[in-house]
Amino acid sequence: MMRAKLSVKHGIEQLQIEFALERPVAELQALLEEKTGLMVRKQKLMAAGKVISGRPGSLADAGVKPNAKLMLLAAAGAASAGQAALQASRVGRQDALERGRAALAERAEQKGIAVGGAASSGATAVAAASMQQRAATWQKTGIAALRDLRLAQLPPELFNVASGVRVLDAGGNQLAVLPPAFTVLSALQRLRLSINQLSDEGMGWQLLGALPQLSVLSADDNRLTALPPAVATLARLSKLSLNGNQIASLPDSIAALTQLRALALRGNRLAALPAGLGGCSALVECDLRDNQIADLPAELSQLTNLRLLLLDNNRLKAVPPALLSSCSSLATLSLHSNPITAEQLRETEGYAAFDERRRKKYDKQVDMRVLRALVAPLKTAAGDAKAQLKLTLAPSARAIPAVHRQAPSTSSHVWSPSSPGKPVARRRGSVRWTPALVAALLAGYMLWRAHSSGPQAQQAAAGGGGKAAGAAVTGEGAATAPPQQCAPIQSFFPWGAHCQRLQHVCVDSGQLIFYDEMFQSGSGRDPARLPTLKIDRTRLHRFPWRRRPGGGAAEDDAAAEQDEAAAEQPGGEHFDRRRLPPLPARPASSQEPRPYLVDPHFSHCTVPVVIYPLFAENFAHVFHDLASYLHALLRRTPWRQRAKLVAVTPDGLALSPPLASLLPALSNLSVQSWADFSRRLPPDYNAATDTQHPPPSFEGGEQRCFASLLVCGRRFRPAKPLQWGLPQGAEAEPDALRHAVPRENYGFGQEVVQYVQRQSGSSSSSGSGSGSKSASNSGSRFLGIGGGGGSGRQPLRVRFMQRDSGGRQLLNIAELVAACNAWRFTPPGGGPPLTADCRQVALPSLEAGVSAAQDADLFVGMHGANMANSYLMPPGSSTLEVTPFEFGKMKGTFGPSIQNAQDASSQLLWWSAVVCDPSLSEPGPKEVAGQEPARYWPRDRSVRVPWPVVRAVLEEAVALRGDRQRYLDEFYLPGRHRFYFTADGVVGHGDQPLCAGA
């Protein structure tokens, strides 16, 4: 239900309210009673010169539109007693607060301590005085406002005036239990307990059942897990809102709530609905979004008054036919992000009747909008100039802060028949609504209806002539026509489950600037809090220019352990490793440094995705802990071509080499650091002359303001298809994507191959004349073994990866290459013997990695980041990862092989060779120097690998012929993909070490 902004003038106050126009007028009056103290029965609420208070139906039915200006008067024509009491209460509370502060400062000065040291007693005194004054106000108005006071329990003053309290708002506190004295609130009609800590036991449903007049109950965002049968005692309840809890079930006794008109259970854990829900015969609106509902009971068809049913983000595969045919009032049914398709819904029995109701509702809304558009110029003549201006503003302009808006004019302009084309100033209220004028309006409306169904109207609707969704920045911030247009984004799924979506924001010099009016100070209200960006504490980044106090890095194990222990404490960090803070943010102001920030045009075409990398200097971590997740999300994103990747870097540094080389494969737009993306544009910048390639935005030029921006500050939780039961290669179900993201290392690797080949202008890599294959070809030569063609007997390409100087070396790589080139093997089934073309390769860059990987059937290398190049190999290839002695004792030793098995996109066979003999390993540089904790030493040891180990893997891969499913069934799941060896060769393979020290 969309919320609209309304301006309500009440005396000298101007209230800014967000309210859904589909909700009843009575609910708006109840809200105004709470805010002003003017009782509903004494309210005279006017809109466009007409009294709408006391009318049945919704605000939309009463003709109220977004950004409308309403007027609230007391029935007697003067301020109400409740309003006067509220004003006196405000003054009294402020005086008490000032007296408390003065006394607190005086006592602190006498004791020679800071003011904060005596804050507790002073604050208690002020709070006590404030509560007594509040109680007096509650007794006069019947409204007890206790919101956002951090209360752990309800004040006793509330129960002293219990008989007169009709409305209690205790939201935004820390309440865990409702006291037994709650039953004395016998006159209570509306109870708001949202954003507290109420559990099932603390909610006290039996206590609420003792309140005979309770009609509205809101307990959103608490800790409720179930709705008990005792809810049946709330017989007069007309509205029940329990959004954002953990409710897993509803009782059948809910059928006793025969007066319930609105039920909201969004964001819970409901898997099913009770049949008793069909007994809520008065139910009009039902919000069940963001649950786990798989089926709807047939009893819902008994809800003949149901008009609106929201079921987005559930697990529904079908809708009961009776729901569409028997719910005769149902006109709005929302099923976004469910397995059911639009085609299935159209084929459901009863859909035709439902669609007819939906169309009538839509046509009625369109007709009313058109009629209002015809009447609007005449209302402008009556003095509503500012409202008319808002009607003509573009959607992006409505988010500009109030400080940028112009004040309404004292006179209005209408078109004059006597002087066509010239505005004529008129006084407010000078238009006379004569029968002839009304008839002319109706005639014009009928002509429009006839014209709108013609081919010209259809062509206009298809081709569009509307305002562009985004505008490029040029010169002093002026907007120019964008080079291309784009359709509005209908859904941000699945990004919304893993990242934060920010709306109507600009970026400037490293800051986020929020433009929504809720963040601006307004008359009678405080600005809303800016969104809190959620950043993982585990995301550490190296700042090598920072050093320990008095020295460099940790010199021994004790110092290193001390650094790591400090990093685990809240707020603790390594001396040279820091957590990146959340992006600085602020609301927009009237003193923005550039015109494009003063009058922003929010791009609807470009969607920045701001990411916090993990171990950004490590090729493998960027590959499988970031880029593969982004690949999995982007390939399921309809608006992928409009996504722009932005990486937050330490101290505004440039992108690290892994980020700069891997991320561009994911987007047609340029990948930038946060510092470059948010840098302030020069005054003379012109997007029309910007020829950057790739372009910085979907529009072409630099953009600094966006309708939507995603911040991904937390680790993506990996989905595990083998354990979740997803078939190999299948798309993850929408429900699975809400909880985790598939890690598609191999799929991303193949995308990288295609990207590098496009950049080089070649469709295949040049592997030193050995006939390499591109990513688009059939795959590894293992796949052709046993075929009748000559290609089935081409030499198998074996490549031994050479690392840079330091640890983790294959010490006998030359010996292995020679033995490999002399290898001969007759495969199962006979035929000519197989041979191998074996070489040593270095991988200094991504381009070198793609070239070597596409020219290999088997990669052999030491564990480490270089093994991520295996994902660049053709389908059916194998890779052999060698791990040093004692490396198996470290955490995450076999992570790459596990990730590969859990990758539904993978066509790679991953093997492991584990050293069992300490004589085959040599210490790494840090072990020799005694640096780092000793537990990390095995990671950097170098290894001498006997040829029989490589031969055994090579011959197993030949027998499998690149069949990944056989590999998973016969080798990975039993653990036989791990080969344990000593100096004599392979000693066995399985899921448990067969030799000491492995």
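The structure under discussion appears in the preceding block.
This one's a predicted model, so the numbers in the text were calculated from it and none came from an experiment. (Residues numbered from 1 in each chain as written. Predicted model: local features only at pLDDT ≥ 70, side-chain atom pairs only at ≥ 80, totals over all residues. Heavy atoms only, no water.)

1. Topic: the pairing of strand E33 (residues 878-883)
Stage number 1. Within E33, six of the six residues are buried, leaving the element largely enclosed by the surrounding structure.
Stage number 2. Where burial is concerned, the two faces of E33 agree: the one with Ser 878, Leu 880 and Val 882 and the one with Thr 879, Glu 881 and Thr 883 are both buried.
Stage number 3. Direction of pairing for strand E32 (residues 858-862) relative to E33: parallel, over a ladder of five bridges. In the sheet register, Phe 859 faces E33, and the bridge partner there is Thr 879. (Buried < 20%, exposed > 50% of the residue type's maximum accessible area, 1.4 Å probe, protein only. Helix = DSSP H or I, 4+ residues; strand = E, 2+ residues; numbered from the N terminus. Pairing = 2+ DSSP bridges.)

2. Concerning the environment of Ser 241
Stage number 1. Relative to the assigned elements, Ser 241 resides in strand E10 (residues 239-241).
Stage number 2. Residue Ser 241 is classed as buried on the basis of its relative accessible area of 6%.
Stage number 3. Considering only alpha carbons, one finds Ser 241 and Val 216, 25 residues apart in sequence, at a separation of 8.4 Å.
Stage number 4. Ignoring any residue separated from it by four or fewer positions in sequence, one finds Ser 241 in contact with Leu 217, Ser 218, Ala 219, Asp 220 and Ala 264.
Stage number 5. A distance of 3.5 Å separates polar atoms of two side chains, one belonging to Ser 241 and the other to Asn 243. (Contact = heavy atoms within 4.5 Å. Polar contact = N/O pair within 3.5 Å; in protein donor to acceptor, adjacent residues only side chain to side chain.)

3. Structural notes on the packing of aromatic side chains
Stage number 1. Per the stated rule, a full pass over the model turns up 16 aromatic pairs.
Stage number 2. Taken together, a centroid distance of 6.0 Å and an interplanar angle of 55° make the contact between Tyr 351 and Phe 354 tilted. Placement of the pair is Tyr 351 and Phe 354 together in helix H9 (residues 351-381), with a separation of three residues, close to one helical turn.
Stage number 3. Between Trp 911 and Tyr 967 the ring centres are 5.4 Å apart and the planes differ by 70°, which places this aromatic pair in the edge-to-face class. Note that Trp 911 is positioned in strand E34 (residues 909-915) and Tyr 967 in helix H26 (residues 964-972), a separation of 56 residues in sequence.
Stage number 4. A network of ring pairs unites the aromatic residues Phe 619, Phe 623, Phe 748, Tyr 871 and Trp 910 as a single cluster.
Stage number 5. The aromatic ring of Tyr 936 is capped on one face by Arg 935, whose charged end is 4.9 Å from the ring centroid.
Stage number 6. Just above the ring of Phe 971 sits the side chain of Arg 976; from NZ or CZ to the centre is 4.7 Å. (Phe/Tyr/Trp six-rings, centres within 6.5 Å; stacked < 30°, edge-to-face > 60°. Lys NZ or Arg CZ within 6 Å of the ring centre and 35° of its normal.)

4. A word on the pairing of E34
Stage number 1. Counting buried positions along E34 yields seven of seven residues, so the element is predominantly enclosed.
Stage number 2. With four bridges connecting them, E34 and strand E37 (residues 978-982) associate as parallel partners. Bridging across to E37, Val 914 finds its partner in Tyr 980.

5. Remarks on the sheet that holds strand E2 (residues 13-20)
Stage number 1. The strand order across the open sheet built from five strands is E2-E1-E5-E3-E4, with neighbouring strands paired in mixed fashion. Whereas interior strands pair on both sides, the edge strands pair on one side only; in this sheet they are E2 and strand E4 (50-51).
Stage number 2. Pairing of strand E3 (residues 43-47) with E4, which is carried by two bridges, proceeds in the antiparallel orientation. Each residue of the ladder has a partner; that of Ala 47, found in E4, is Lys 50.
Stage number 3. Here helix H1 (residues 25-36) sits on the sheet in contact with strand E1 (3-10), E2, E3 and strand E5 (69-74), set at roughly 145° to E2. (Axes fitted to C-alpha atoms, helices over the stretch in contact; angles between N-to-C directions.)

6. Some points on the packing of helix H15 (residues 619-634) against helix H20 (residues 745-760)
Stage number 1. As a packed pair, H15 and H20 sit with axes 9 Å apart at the nearest point and diverge in direction by 80°. Classed by the angle they form, the pair H15 and H20 counts as roughly perpendicular. For the pair formed by H15 and H20, the contact residues are Phe 623, His 624, Ala 627, Ser 628 and His 631 on the first element and Asn 745, Gly 747, Phe 748, Gly 749 and Glu 751 on the second.
Stage number 2. Of the residues belonging to the contact of H15 with H20, the class tally is three nonpolar, six polar and one charged. (Parallel < 35°, antiparallel > 145°, perpendicular 65-115°, else oblique. Nonpolar A, V, L, I, M, F, W, Y, C, P; charged D, E, K, R; others polar.)

The values are spatial; any link to function lies outside them.
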